[in-house]
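Fold and geometry: a report
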Protein chains: 2
Amino acid sequence: MVNFSNKVKDLNGSAIRDLLSVIENDNMISFAGGTPSPETFPKAEFAEIATEILLEKGNIALQYGATEGYAPFMEQVRARLKKQGIYKDGDGLLITCGGQQGISLAAKILLNEGDLAVCENPSYVGGLNAFRQNGARLEGIDLLEDGINIDRLKSAEFAGMKLLYTIPTFQNPAGITMSERKREQLLEAVRATDAYIIEDNPYGELRFAGEEVPTIKQIADRGKNNNVIYIGTFSKILSPGLRLGYVVATPEIIDKMTVCKQADDVHTGMFSQVLASEYMSRYDIDAQIAKTRALYKEKYDIMQGAIAKFFPDSVQVTKPQGGLFLWVDGDLKADCNEISRAAIAEGVAIVPGNAFMADINAKTSAFRLNYSAPLKEQIQVGIERLGRVLCKLS
Amino acid sequence: MVNFSNKVKDLNGSAIRDLLSVIENDNMISFAGGTPSPETFPKAEFAEIATEILLEKGNIALQYGATEGYAPFMEQVRARLKKQGIYKDGDGLLITCGGQQGISLAAKILLNEGDLAVCENPSYVGGLNAFRQNGARLEGIDLLEDGINIDRLKSAEFAGMKLLYTIPTFQNPAGITMSERKREQLLEAVRATDAYIIEDNPYGELRFAGEEVPTIKQIADRGKNNNVIYIGTFSKILSPGLRLGYVVATPEIIDKMTVCKQADDVHTGMFSQVLASEYMSRYDIDAQIAKTRALYKEKYDIMQGAIAKFFPDSVQVTKPQGGLFLWVDGDLKADCNEISRAAIAEGVAIVPGNAFMADINAKTSAFRLNYSAPLKEQIQVGIERLGRVLCKLS
């Protein structure tokens with residue numbers, strides 16, 4: 001038995017990951033993933049530029065690079081974020097190995113063992129594990145229809161928190177978007193503490209209905225608040241396989257993250273960065289995102305249509321205006337793990353809701369559905385199968 | 001002022017990195033880098049396969065992948081390491097974002113704050129920072145001509161160490177290779193403790209003279225020792241820009257590292273892994289390495305030839321049989337930082353030796369020279385310049 005460090009000894013793999021290994025089966029329809037649809041990857045465009053990059057910029061793309069990121073790519077990211085109101089002059093920027101590394105670095109630079117990290121309940125497992133592996137004491141606050149329960153956040157219990165982790169737009173797993181009013185209240189509540197807000201926004205650009213809501217970072221900038229660490233990614237709008245994300249925060253925070261990243265993996269893959277940079281120079285990434293949004297809207301509509309037809313009335317499903325996920329809950333006579341097992345027996349995979357809880361032993365009948373990855377024809381069939389399971393259990 | 005976590009608050013960037021930013025100057029000849037020569041990158045071969053990968057395997061190369069690594073690439077890495085005697089049946093394997101991430105994960109899973117991590121003095125800065133950012137108490141043991149000082153290692157002072165970090169072959173920065181006898185002694189000394197040996201071997205395949213020495217992992221396997229965590233990389237033999245490294249250790253250790261890696265960056269870049277995998281299927285990576293070795297041998301000979309001609313006799317230079325680095329020390333009337341400044345004034349960059357010390361405030365006149373990155377004609381001119389500096393200071 002290895003004597004692992006205290007901070008990691010109780011850390012377990014994501015339940016989703018274990019689940020995904022079970023469902024490698026031709027007949028299985030999976031709503032358990034959290035991946036973008038490969039139909040959206042700009043393969044032809046990348047293919048067109050990859051050879052040229054290797055032959056003409058190979059000395060850069062295949063060599064070590066700066067820890068901060070590849071300068072031309074950083075410039076493009078900055079310009080894009082500025083247009084979106086997320087980056088302001090004087091902010092720091094760090095290119096990371098996916099958004100996950102941004103969360104992980106934020107956790108590392110802020111958390112001592114035993115420090116309180118607060119999250120939405122439910123929340124993204126990968127984020128929670130980043131806090132757990134820094135020895136955080138993790139507490140969840142219930143997620144209401146318009147975002148986190150602010151009254152609860154203001155209670156004495158959370159006054160000493162070191163960070164608050166939120167996915168305010170098209171939340172994973174619940175699909176919920178925090179209202180602008182609540183974002184303001186959140187900022188105000190956190191300003192009263194010494195805590196930082198980790199704003200994780202992987203899905204914000206995947207809106208297919210409704211009105212844009214400003215990011216928490218954007219609202220914080222209006223009030224000259226410096227307590228938001230903003231995490232973004234190209235995984236859901238371009239390609240996760242390239243592992244490209246970024247962090248926007250004060251230079252002091254970005255500098256410390258950079259030093260830590262240097263000791264973690266030196267720098268983010270150069271070929272990936274040069275490829276994304278050339279792609280953004282030559283093609284219209286916003287048109288690419290618009291195509292993705294349109295596809296996800298279609299899949300979303302198919303899924304909601306099938307749910308209306310096949311799910312029992314006792315079950316509630318969130319109605320997000322973008323993103324990748326729906327959250328299902330209701331008056332069911334089974335725990336989420338039982339539902340998951342029954343679904344697998346019917347040839348359909350979901351993620352049981354307890355995987356997303358700060359306390360993974362919490363009892364819930366809720367579960368997550370993904371509509372970006374399955375094919376349109378699979379969505380129809382899969383929801384019908386799942387409907388049979390839920391009807392039996394309701 | 002941000003209230004950073006205890007483990008990172010005193011962590012500073014690598015002095016080398018700061019130095020490299022100073023020397024972006026056309027007339028400057030740099031022996032300060034640690035990068036492979038871009039002349040060795042298989043650009044044409046990569047260009048030949050990249051388009052095909054994107055068009056035919058884009059759904060895999062651009063998508064999320066397993067945290068452990070891309071299965072066909074893992075199979076190739078396993079087969080290669082098995083042939084080299086480094087991987088044995090029953091071992092675990094994890095593909096990492098460069099060798100650096102392997103060191104970082106080993107540090108994370110083993111070290112509590114205040115734990116003793118032992119390294120060679122001097123040693124690789126990135127390794128040392130990985131231990132520092134986990135709150136380790138870092139102690140260096142002097143490096144002798146045939147490797148670490150074993151008598152010192154056996155002293156009571158080190159009995160409670162949690163890990164020992166070594167680069168046994170063509171050490172960075174000293175170029176020293178630990179003798180087989182000393183590797184056996186090291187294993188024996190560490191077996192008497194509960195510590196793990198982190199064997200970092202980025203340069204082992206870059207031998208251009210002398211006889212192979214078995215890895216510590218290999219010797220440990222003969223004695224059924226399970227206390228070696230072996231770190232390898234493709235950065236020095238293929239391309240650092242792809243960020244591909246790996247760890248070989250017991251499944252228990254690899255499983256814990258995998259869970260931590262999942263929370264750090266989900267997985268290593270898929271396009272990089274598929275590219276390296278296809279490259280290894282279609283081309284002969286050993287022939288590629290042989291070409292690199294031949295080039296470095298030429299550069300090494302030029303550098304040693306120029307050193308013999310231009311350096312004062314009072315200066316000693318190591319004579320490695322491979323790798324990227326020489327270590328210079330001697331009876332000089334100046335500290336390494338003064339030498340570095342004087343060298344920059346003459347248009348040549350080196351890395352001052354204290355950057356590589358467990359205690360960066362240690363006084364030394366030693367410094368590191370790299371011969372892989374500069375062009376052959378630069379080596380001659382640069383060493384002549386440096387010789388002038390050293391003659392003045394000797």
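Residues numbered from 1 in each chain as written. Chains lettered and ligands numbered in written order. Predicted model: local features only at pLDDT ≥ 70, side-chain atom pairs only at ≥ 80, totals over all residues. Heavy atoms only, no water.

Considerations on unusual backbone geometry
The residue after Asn172(A), namely Pro173(A), is reached through a cis peptide bond having omega 15°. One can find Pro173(A) in the loop between strand E6 (163-166) and helix H8 (180-191). Cis geometry is found at the peptide bond from Asn121(B) to Pro122(B), where omega equals 5°. Among the structural elements, Pro122(B) can be located in the loop between strand E3 (116-121) and helix H6 (125-132). Positioned with a positive phi, Arg243(A) is a non-glycine residue whose angle comes to about 60°. Relative to the helices and strands, Arg243(A) resides in the loop between strand E8 (228-233) and strand E9 (245-249). (Helix = DSSP H or I, 4+ residues; strand = E, 2+ residues; numbered from the N terminus.)

Comments concerning the domain arrangement of chain A
Residue and element names in this part refer to chain A. Split by domain assignment, chain A resolves into domain 1 (15-42 + 287-393) and domain 2 (63-282). Each partner contributes residues to the interface: domain 1 has 28 residues there, and domain 2 has 33 residues. Across the domain 1 to domain 2 interface the summed buried area is about 2,400 Å²; carbon plus sulfur atoms make up 67%. Its largest share of buried area at the contact with domain 2, domain 1 owes to Ile289, Gln321 and Ala358, together 25% of the area lost on that side. Connecting domain 1 to domain 2 are 0 salt bridges. Along the contact surface separating domain 1 from domain 2 lie 12 residue pairs in polar contact (both at pLDDT 80 or more). Counting only elements with at least two residues in the side of domain 1 that touches domain 2, the list comes to helix H12 (285-310) and strand E11 (325-330). (Domains from an automatic or database assignment. Contact = heavy atoms within 4.5 Å. Buried area = accessible area lost by both parts, 1.4 Å probe. Salt bridge = Lys/Arg side-chain N within 4 Å of Asp/Glu carboxyl O. Polar contact = N/O pair within 3.5 Å; in protein donor to acceptor, adjacent residues only side chain to side chain.)

A closer look at the relation of the copies chain B and chain A
Mapping chain B onto chain A is achieved by rotating through 180° and translating by 0.0 Å along the same axis, at an RMSD of 0.0 Å. What the superposition gives is, in effect, a two-fold axis relating one chain to the other. The share of interface residues of chain B whose copies in chain A are also at the interface is 100%, consistent with both copies meeting through the same surface. (Least-squares fit on C-alpha atoms with pLDDT ≥ 70 in both.)

Considerations on the environment of Asp142(A)
Residues and elements named next belong to chain A. With respect to the helices, strands and loops of the structure, Asp142 is situated in strand E4 (residues 137-144). Counting along the chain gives 102 residues from Asp142 to Leu244, while the straight-line C-alpha distance between them is 31 Å. Leave out the neighbours within four places in its chain, and Asp142 touches Asn121, Ile148, Asn149 and Arg152.

Looking at the sheet that holds strand E14 (residues 367-370) of chain B
Residue and element names in this part refer to chain B. Strand order across the open sheet formed by 4 strands is E10-E11-E14-E13, with antiparallel pairing between neighbours. Two strands close off the open sheet at either side, each with one partner strand: strand E10 (315-317) and strand E13 (351-352). Two strands pair when backbone bridges link them, and E13 and E14 are joined in this way by 2 bridges, in the antiparallel orientation. Looking at the pairing, Pro352 lines up with Phe367 of E14. (Pairing = 2+ DSSP bridges.)

Here's the deal with helix H8 (residues 180-191) of chain B
Residue and element names in this part refer to chain B. Over its 12 residues, H8 runs 17 Å from end to end, which matches the ideal 16 Å to within 8%, given 1.5 Å per residue. Turning to H8, its buried residues number three or more, namely Lys182, Arg183, Leu186, Leu187, Ala189 and Val190. Seen from one end, H8 has its buried residues packed into an arc of 165°, which puts them on one side. (Expected span 1.5 Å × (residues − 1). Buried < 20%, exposed > 50% of the residue type's maximum accessible area, 1.4 Å probe, protein only. Arc of directions from axis to C-beta.)

Thoughts on the packing of aromatic side chains
Scanning the entire structure with this criterion turns up 21 aromatic pairs over all chains. Taking 6.4 Å as the distance between ring centres and 65° as the angle between the ring planes, the aromatic pair formed by Phe208(B) and Tyr371(B) counts as edge-to-face. Of the two residues, Phe208(B) is situated in the loop between strand E7 (196-200) and helix H9 (216-222) and Tyr371(B) in the loop between E14 and helix H14 (376-393); the sequence distance between them amounts to 163 residues. Just as Phe208(B) is buried, Tyr371(B) falls in that class too. Of the aromatic side chains, those joined through ring pairs into one cluster are Phe46(A), Tyr279(A) and Tyr283(A). Lying across the ring of Phe4(B), Lys256(A) places its NZ or CZ 5.3 Å from the centre. (Phe/Tyr/Trp six-rings, centres within 6.5 Å; stacked < 30°, edge-to-face > 60°. Lys NZ or Arg CZ within 6 Å of the ring centre and 35° of its normal.)

Concerning the pairing of strand E14 (residues 367-370) of chain A
Every other side chain in a regular strand lies on the same face of the sheet, so the side chains alternate between the two faces. Residues and elements named next belong to chain A. Judged by which residues are buried, E14 turns out to be covered on both faces: Phe367 and Leu369 on one side and Arg368 and Asn370 on the other are all buried. Relative to E14, E11 is paired through 4 bridges, and the arrangement is antiparallel. The residue of E14 that forms the bridge with Val328 is Phe367.

Quick notes on the interface of chain B and chain A
The interface is formed by 78 residues belonging to chain B together with 78 residues belonging to chain A. For the pair chain B and chain A, the two sides together bury roughly 6,300 Å², of which 56% comes from carbon and sulfur. At the junction of chain B and chain A, the tally comes to 0 salt bridges. Connecting chain B to chain A are 49 residue pairs in polar contact (both at pLDDT 80 or more). Those elements that place two or more of their residues in the side of chain B that touches chain A are helix H1 (6-9), helix H3 (43-61), helix H5 (98-110), H6, helix H10 (251-265) and helix H11 (270-282) of chain B.

A look at the sheet that holds strand E13 (residues 351-352) of chain A
All names here are of chain A. Across the sheet, which stays open at both edges, the 4 strands sit in the order E10-E11-E14-E13 with antiparallel pairing between neighbours. Of all the strands in the sheet, just strand E10 (315-317) and E13 have a single pairing partner and so form its edges. Sheet strands touched by H12: E10, E11 and E14. Its angle to E11, the strand with the most contacts, is close to 15°. (Axes fitted to C-alpha atoms, helices over the stretch in contact; angles between N-to-C directions.)

What to know about the packing of helix H5 (residues 98-110) of chain A against H10(B)
How two helices sit against one another is set out by the angle between their axes and by the gap between those axes. The interhelical angle for the contact between H5(A) and H10(B), taken along N-to-C directions, is 100°, at an axis separation of 5 Å. Taken together, the axes of H5(A) and H10(B) lie roughly perpendicular to each other. Here Gln100(A), Gln101(A) and Ser104(A) of H5(A) come into contact with H10(B), specifically with Gln262(B), Ala263(B), Asp264(B) and Asp265(B). A class-by-class count of the residues in the contact of H5(A) with H10(B) yields 1 nonpolar, 4 polar and 2 charged. (Parallel < 35°, antiparallel > 145°, perpendicular 65-115°, else oblique. Nonpolar A, V, L, I, M, F, W, Y, C, P; charged D, E, K, R; others polar.)

Comments concerning the pairing of strand E6 (residues 163-166) of chain B
Residue and element names in this part refer to chain B. Burial along E6 is two-sided: Leu163 and Tyr165 facing one way and Leu164 and Thr166 facing the other are all buried. Two strands pair when backbone bridges link them, and E3 and E6 are joined in this way by 3 bridges, in the parallel orientation. Along E6, the bridge assignment pairs Cys119 with Tyr165. Here E6 runs beside E7; their pairing, made up of 4 bridges, is parallel. Counterpart to Tyr165 in the pairing with E7 is Ile198. Following the chain from E6 across H8 to the adjacent parallel E7, one finds a crossover that is right-handed. (Right-handed = clockwise from strand over helix to strand, strands pointing away.)

Some remarks on the pattern of salt bridges
All names here are of chain B. The final tally for this structure, using the stated rule, is 44 salt bridges over all chains. Put simply, Asp286 and Arg80 hold a salt bridge, and the shortest N to O gap is 2.7 Å. Taken together, the residues span a long stretch of sequence, with Asp286 in helix H12 (residues 285-310) and Arg80 in helix H4 (residues 71-83) at a distance of 206 residues. Assessed through its relative accessible area of 36%, Asp286 is described here as partly exposed. For Arg388, the salt bridge goes to Glu346, with nearest N and O atoms at 3.3 Å. A residue pair is termed long-range when its members are at least 10 positions apart, and Arg388 in helix H14 and Glu346 in the loop between helix H13 (336-345) and strand E12 (348-349) qualify at 42 residues.

A word on the state of the cysteines
All names here are of chain B. If you walk through the whole model with that rule in mind, you get 0 disulfides over all chains. In this structure Cys391 is a free cysteine whose sulfur lies 19 Å from that of Cys336, the closest cysteine sulfur available. Classification of Cys391 as partly exposed rests on a relative accessible area of 43%. (Disulfide = S-S within 2.5 Å.)

Topic: the environment of Gly147(B)
Relative to the assigned elements, Gly147(B) resides in strand E5 (residues 147-148). Separated by 29 residues in the primary sequence, Gly147(B) and Ile176(B) have C-alpha atoms spaced 6.6 Å apart.

Notes on the packing of helix H13 (residues 336-345) of chain A against helix H14 (residues 376-393) of chain A
All names here are of chain A. Two elements in contact, H13 and H14, have axes whose closest approach is 9 Å; the angle formed by their N-to-C orientations is 135°. In terms of their interaxial angle, H13 and H14 are classed as oblique. Where H13 crosses over H14, the handedness of that crossing is right-handed. Contacts between H13 and H14 involve Ile339, Ala342 and Ala343 on the former and, on the latter, Leu386, Val389, Leu390 and Leu393. (Left-handed = near helix turned anticlockwise from the far one by under 90°.)

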